[in-house]
Structures are given as structure tokens and as C-alpha cells.
Amino acid sequence: MITLTDVQKDYSSSVQIGPVTTEIEAGGITALVGPNGAGKSTILTMIGRLLDLDSGQITVAGHDVVNTPSKAIARVLSVLRQENHFVTRLTVRQLVSFGRYPHSRGRLTLGDERYISEAIDFLNLTDLENRYLDQLSGGQRQRAYVAMVLAQQTDYVLLDEPLNNLDMQHAVQMMKQLRRAADELGRTIVIVLHDINFAAHYSDKILAMKNGKVVQHGTPAEMMQDHVLSEIFNTDVTVIDGPNGRLAVYY
Amino acid sequence: MFKTAEELPDPRHSGPLTDRKHRRAYIVAVALMVALSVSFTAGILLWNNPTEPFSDGWWLIVGMRRDSLLTICLVALCHAVATIAFQTAVNNRIITPGIMGFGSLYTLIQTGTVFLFGAAGVNALVGVGPFFAQTIAMMLLATLLYTWLLSGKFSNVHIMLLVGVVLGGTLGSLSNFMQRLLEPSTFDVLTARLFGNISNARTEYLPYAIPIALAVAVVFWLWAPRLNVMALGRTTAQNLGLNHNVELIKILALVSVLISLATALVGPMMFLGFLCAMLAYQFGDTYSHRLLFPLGVLAGYTVLSGSYFILRHVWDAGGAVTVIVELIGGVVFLYFILRKGRL
């Protein structure tokens, strides 16, 4: 379980995120949604201890993310940001093998190699594993990054807008693979999403933010209501019944 | 489409060298540079020795040349390892410690002493004590500067770079100002000291400098897995459990030790490290620092000993070695910047 208590980040006197107090339960996919600047990525990166909190406390599975050594956190929680740029040329397999660093400290055992292979196979990258990242398309590269955090074998996986720059086909594939990671591998996935329909269809819980505060937290069924969504996104939203569930229409 | 076991490069392993072809390329690069270094070494030691082989005079000359070789070795080690580690830490393969104002700091210390104490000040800088004082001064200032830059709100490589360049410029003009006020004869003595010179290196420091440089190199070797992770950038390194700021400061402190040693020995060199690192990346094409460091050091040794051999023994212009190496390094640097179009 991820617990946030009075978490706050002040960017300036007028722009502040929080205080946020909420709980994200273990298991399944929780989607963070909300308009631009609502603080979704800020909250996610603070949980992933990539950004310092100005006040409050965050615990992940009982570990305080600020006080627990980074090494120990890296075995419990992994986090992937949007932009990833490496100066070194890496193959897919080399990149994924870095996911084992918190466990192996750079010395890969046979067990590590097996986890690496599993993560690569899980994301259908088997044929591409010896390709260099700069020889891949954006969608394939995104999958390679996700394979790295899956190889880290952490119970909690935080992803910041993994669907960014992905086309329809790759976005759907990515969400299906994350769904499988949650169901088959038992990972708790927290994900920042822009598309409310993706969030409704693939996640178990939706946490909606607006102006730095959590405004709604519930199941997709509770969230997919005209008045709820209209208020979160400051736009008139109509929810209709689609062939695979409720759909938000906003254009 | 099925692949037979033979076509697959040792099936499903992770390692810094991807397949047999890559491994072969790496070994060929090492072998080539070893061969070149050995021949240049032999050339420097034996070529053009006018005395009778194995006589006392012959051994004397060989001994003097051996000191030059040790200096070359040390300078190559310091610049190559320091630059590769530095570029990994700041996640940028263009900038080097030289660009961050190290050379200017050295020049300022030298000029300041001469300015304050006159030509006698030049002699005050000779000796083991002053050598250590200089090294420690440079190390402290560099570490303080980086710590300050990285702990506050400027935790950003571009601002750090800008401050480094401006600081280099400021220190440089301070030296320049003092140099204007010097007497011509004192200025002449100072200039002779400021130009990096391998034939004229202060070899009396070697017994202290070599163990320190080796110790630092060993530490970097042990840290290699961590450096590999640091090369992935701040967020990825943090995700994998490294405390990025702490690691950064540790690496930069050790880098400043190496650069200080090399600078105190032969004077500032801006582009040698860049040349070593670039050659290592080109020939190695790998993330592994345990593979990059040896390549970089070998490349540095080959370039330095090659130019030293040709310039000193063939063209009889030993003093110009560092100038020529810097010229080559500078041209390569410009070429890479122009080709890449960004920092």
C-alpha cells in the first residue's frame, strides 16, 4: 500500500501541489488523471523519490521514501519517467539488464539473466533484444524501458505517461501488457494517463487530481459520470455506453 | 523464420559486448594500440642513442627517457580516466574537466606566486610540499565549487557548465592582468612553466604522483558498475537505487585529484582527455567502464608517446608535444561539436 500524508510541494507562492492525503491500495492498476498542471506527475515522482517533498510523508509498503536508503527502495518500487535519453549506446537486453542492478550490484547471476529474459519475453521484445535502442521505433523503445522496470522485480511500478507518443495500436498493446503485469505478476501499477477512456477501461482505481489536490478517488464505474468528469476536466463530458464499457465523449 | 543455435550469438546473455563481432573489434582495437604503444616505447627508449649500447652512458640516457615515459603514462592515465568518469557523472560526452576551469586555476596559482614573490616565487613552487599544496588547493576548490553548484537550486548541468566557463574566464583574466604587470624576464620564466612539457616534466614528483593516481584509478575500477548506472542519467540512476548527488560529488572529487596531479606535472591540457575518451567510445562502443578505462588510457598513451617519439626523436622538437596533442585534440573537439550541433 502507498500512503500519502499531507504531502506538499511548493513550486512558488502561487503554485503549490497538495496537501495530498490519500492511499493507493496494493494490487491492480491505479490511474492518475486530471487536467494539465494538476500535479499528477509531481505526486508520482515524489512517490518515486525522484523529487523532494516540501512537507508531509509518503510510505510505500511501510517504507518511508525519504528516510529509507535509496538502495532498499529500489527493490520495492521502480519508477519510469517520460523522457529517457542515454548518452551510451545500449541494446535492449543491456538496458533491461540494468533493471537487475538493485539486486545484483552489476554482477549478473544466472537467476538475473532469467529475470531479464522473462521481462523481455513478457513485452514481446524477444526478437529485438540484441538491437540497439537507437534502431527501434518509439513504441518499441517505450516497451524496452518498461521491460527494464519490470526486470527490477519490484512490487510497485510507477509509470509517468507511458502512452505518450504512442499510436493507437501501441497504446492499446502497452495497456494490455501492463494489465497482464498486474494480473499475472501481481504488481501494483500506478500510472499517469491523459486519456480518461484508457483509464476507465484498463485500471481498477482512478485517482483524479485538480489544482494540486485529489478531487476524486474511486472505481471506473463511480468516476464515469457526466457531472464527475465535467467537473474534473473543466469541460462538458457526456458518458455513453460503448461496446466495451462506458465511454467519455468530450468533443 | 527459425534461427539455428549457431546463428544466435551465445543465446540470451547480457554483457557489455553484444556478440562475437563486437568482442573481436574490441580485442583488435586493444591489440593495435598495445602494439603501437610498445613500438613507440621501444622507439623512445632506444632510437638515436649516440653512446655504445649497454655502456654506462647508454643506461643513463635510457634512464632519463624512462622518466619521460613514466610521465606520459601517468598523464595518459589521469586524463583518460578523469575525463571518462567526469563525462559519465555529468551525463555529457562533450565537456571535459579542462573546460570547467581547471587549467585556469593552475595558471592563476602559478602566476599569483610569481607575481607576489617575484622570480624567487618560481623556486618557491618547486619541491614536494608545494606540489601537494597545489594539488590539494585545486582539489578543494574544485570539489567545493561543484558541491555548491549541485546542492542549491542550480542542480543543472548547463548552469554548472556556464559557471565553469565563466569562472575559467575570470581566473584567466586575473592571471592575464598579473602577467601584464610582471617584468619581462620574470614573465619569461613563468611562461616556460605554464606550457605543458613532457621532456621537462617535474619528475621529482613522480614517486608521489604515481601511487596516488594508481589508487584513484583502482577506486574508479571498483566503482565501475556504479558508473555504468550513473551514465544512464539522474532519474534512471535514482530509480536503480543510487543517490545521484552523493555519487556525483564523490566522482568529481576524485576526478579533480587526477587532473590536479597531471596538471602539476606537465601543465594544463584541455583536449587530451577529450581525445582519449572519444577514442575509447569509438573503439569500445560499450557502456562498461571496465572496458572503456583501459581503452582510454591506451589511446592516451599511444597518442602521447607517438607524438613524443616523432617530435623529439625524428624532428627534434620535444617541447612541442603537448602543443601538438592539444592541436589535434582541439580539432577533433570542434569536429564533434560541429557534427553533433549541440552540447
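Residues numbered from 1 in each chain as written. Chains lettered and ligands numbered in written order. Predicted model: local features only at pLDDT ≥ 70, side-chain atom pairs only at ≥ 80, totals over all residues. Heavy atoms only, no water.

Trainee: So what exactly am I meant to see when it comes to the overall build of chain B here?
Mentor: The number of helices and strands found in chain B is 14 helices and zero strands. Listing every helix and strand of chain B by position from the N terminus yields α-α-α-α-α-α-α-α-α-α-α-α-α-α. Burial statistics for chain B: of 343 residues in total, 52% are counted as buried. The long-range share in chain B, meaning contacts at least 24 apart out of those at least 6 apart in sequence, stands at 78%. In the form shown here, chain B has an accessible surface area of approximately 15600 Å², with 70% of it arising from carbon and sulfur atoms. (Helix = DSSP H or I, 4+ residues; strand = E, 2+ residues; numbered from the N terminus. Buried < 20%, exposed > 50% of the residue type's maximum accessible area, 1.4 Å probe, protein only. Contact = heavy atoms within 4.5 Å. Areas by Shrake-Rupley, 256 points an atom, 1.4 Å probe, with all protein chains shown as cover.)

Trainee: Looking at this model, I keep getting lost on the sheet that holds strand S2 (residues 16-24) of chain A. Mind explaining?
Mentor: Residue and element names in this part refer to chain A. Taken in spatial order, the four strands line up as S2-S1-S4-S5 in an open sheet, and their pairing is antiparallel. Looking along the sheet, the strands with just one partner apiece sit at the ends: S2 and strand S5 (63-64). Each of strand S1 (2-10), S2 and strand S4 (55-60) touches helix H1 (residues 40-47); the most contacted strand, S1, lies at about 120° to it. (Pairing = 2+ DSSP bridges. Axes fitted to C-alpha atoms, helices over the stretch in contact; angles between N-to-C directions.)

Trainee: Mind showing me how you'd approach helix H13 (residues 289-314) of chain B here?
Mentor: Note that an α-helix has 3.6 residues per turn; residues three or four places apart therefore point the same way. Residues and elements named next belong to chain B. Helix length check: H13 (26 residues) gives 36 Å between terminal C-alpha atoms against 38 Å at 1.5 Å per residue, within 8%. Summarising burial for H13: 20 of the 26 residues are buried, a large majority. Immediately beyond the C-terminal end of H13, within one or two residues, lies Asp 316, with a positive phi of roughly 65°. (Expected span 1.5 Å × (residues − 1).)

Trainee: What should I look at first to understand the sheet that holds strand S10 (residues 213-218) of chain A in this one?
Mentor: Residue and element names in this part refer to chain A. Overall, mixed pairing links the six strands, which are arranged S6-S7-S8-S3-S9-S10 in an open sheet. Edge positions in the sheet fall to strand S6 (77-80) and S10, since each of these pairs with one other strand and no more. Here the strands of the sheet are splayed against their neighbours by 15° on average, with no regard to which way each runs. Strands strand S3 (28-33), S6, strand S7 (156-160), strand S8 (188-192) and strand S9 (205-210) of the sheet are contacted by H1, whose axis makes an angle of about 145° with S7. Taken strand by strand, helix H7 (residues 168-184) contacts S3, S7 and S8, and its axis lies near 150° from that of S8.

Trainee: Whenever I open this one, the domain arrangement of chain A confuses me. Can you help?
Mentor: Think of interface size as the accessible area that goes away when the parts come together; that is how it is often given. Residue and element names in this part refer to chain A. Structurally, chain A comprises domain 1 (2-76 + 155-249) and domain 2 (86-153). Summarising the inter-unit geometry, the C-alpha centres of domain 1 and domain 2 are found 25 Å apart. Every contact between the two is made by 18 residues of domain 1 and, on the other side, 15 residues of domain 2. Between domain 1 and domain 2, roughly 1500 Å² of surface is buried when both sides are summed, and carbon and sulfur atoms account for 60% of that area. The interface formed by domain 1 and domain 2 contains zero salt bridges. Those elements giving two or more residues to the side of domain 1 that touches domain 2 turn out to be S7 and H7. For the side of domain 1 that touches domain 2, the leading source of residues is H7, giving eight residues. (Domains from an automatic or database assignment. Buried area = accessible area lost by both parts, 1.4 Å probe. Salt bridge = Lys/Arg side-chain N within 4 Å of Asp/Glu carboxyl O.)

Trainee: Explanation requested: the packing of helix H1 (residues 20-46) of chain B against helix H2 (residues 56-90) of chain B in the structure shown.
Mentor: Two quantities define a packed helix pair, namely the angle between the axes and the distance from one axis to the other. Residues and elements named next belong to chain B. With their axes 8 Å apart at the nearest point, H1 and H2 run at an angle of 140° to one another. Of the possible angle classes, the one that applies to H1 and H2 is oblique. Two secondary-structure elements touch here, H1 through Thr 41, Ile 44, Leu 45 and Leu 46 and H2 through Trp 58, Val 62, Arg 65, Arg 66, Leu 69 and Ile 72. (Parallel < 35°, antiparallel > 145°, perpendicular 65-115°, else oblique.)

Trainee: It is not clear to me how a positive patch on the surface should be interpreted in this structure. Could you clarify?
Mentor: A surface patch of positive charge is lined by B:Arg20, B:Lys21, B:Arg23 and B:Arg24. Relative to the elements of secondary structure, B:Arg20 occurs in helix H1. (Patch = residues over 30% accessible without salt bridge, like charges linked within 9 Å, V, L, I, M, F, W, Y side chains within 5 Å. Lys, Arg positive; Asp, Glu negative; His and termini not counted. Charge placed at Lys NZ, Arg CZ, Asp CG, Glu CD.)

Trainee: Sorry if this is basic, but what is going on with the interface of chain B and chain A here?
Mentor: Taken together, the contact pairs 29 residues of chain B with 39 residues of chain A. Note on chain B versus chain A: buried area summed over both sides is about 2700 Å², and carbon and sulfur give 52% of it. On the surface where chain B and chain A come into contact, there are one salt bridge. Among the ionic pairs, B:Asp285 bridges to A:Arg89, the shortest N-O distance being 2.6 Å. Linking chain B to chain A there are five residue pairs in polar contact (both at pLDDT 80 or more). Listed by contribution, the elements that provide at least two residues to the side of chain B that touches chain A are helix H9 (224-230) and helix H10 (234-239) of chain B. Within the side of chain B that touches chain A, the residues separate by chemical class into 10 nonpolar, 14 polar and five charged. (Polar contact = N/O pair within 3.5 Å; in protein donor to acceptor, adjacent residues only side chain to side chain. Nonpolar A, V, L, I, M, F, W, Y, C, P; charged D, E, K, R; others polar.)

Trainee: It is not clear to me how unusual backbone geometry should be interpreted in this structure. Could you clarify?
Mentor: Leaving glycine aside, a negative phi is the common case for residues, and trans is the common case for peptide bonds. In the Ramachandran plot, A:Asp6 falls in the positive-phi region, its phi being about 50° despite a non-glycine side chain. Checked against the element boundaries, A:Asp6 lands in strand S1.

Trainee: Sorry, what's going on with the environment of B:Leu327 here?
Mentor: All names here are of chain B. Inspection of the secondary structure puts Leu 327 in helix H14 (residues 321-340). Judged by its relative accessible area of 54%, Leu 327 falls in the exposed class. Along the backbone, Leu 327 and Leu 272 are 55 residues apart, and their C-alpha atoms lie at a distance of 9.4 Å.

Trainee: In this structure, what is going on with the environment of B:Leu45? I would like to understand it.
Mentor: Residue and element names in this part refer to chain B. On the secondary structure map, Leu 45 appears in helix H1. Taking the C-alpha atoms as reference, Leu 45 lies 5.9 Å from Arg 65; in sequence the two are 20 residues apart. Once residues within four sequence positions are removed from consideration, Leu 45 is found in contact with Val 62, Arg 65, Arg 66 and Leu 69.

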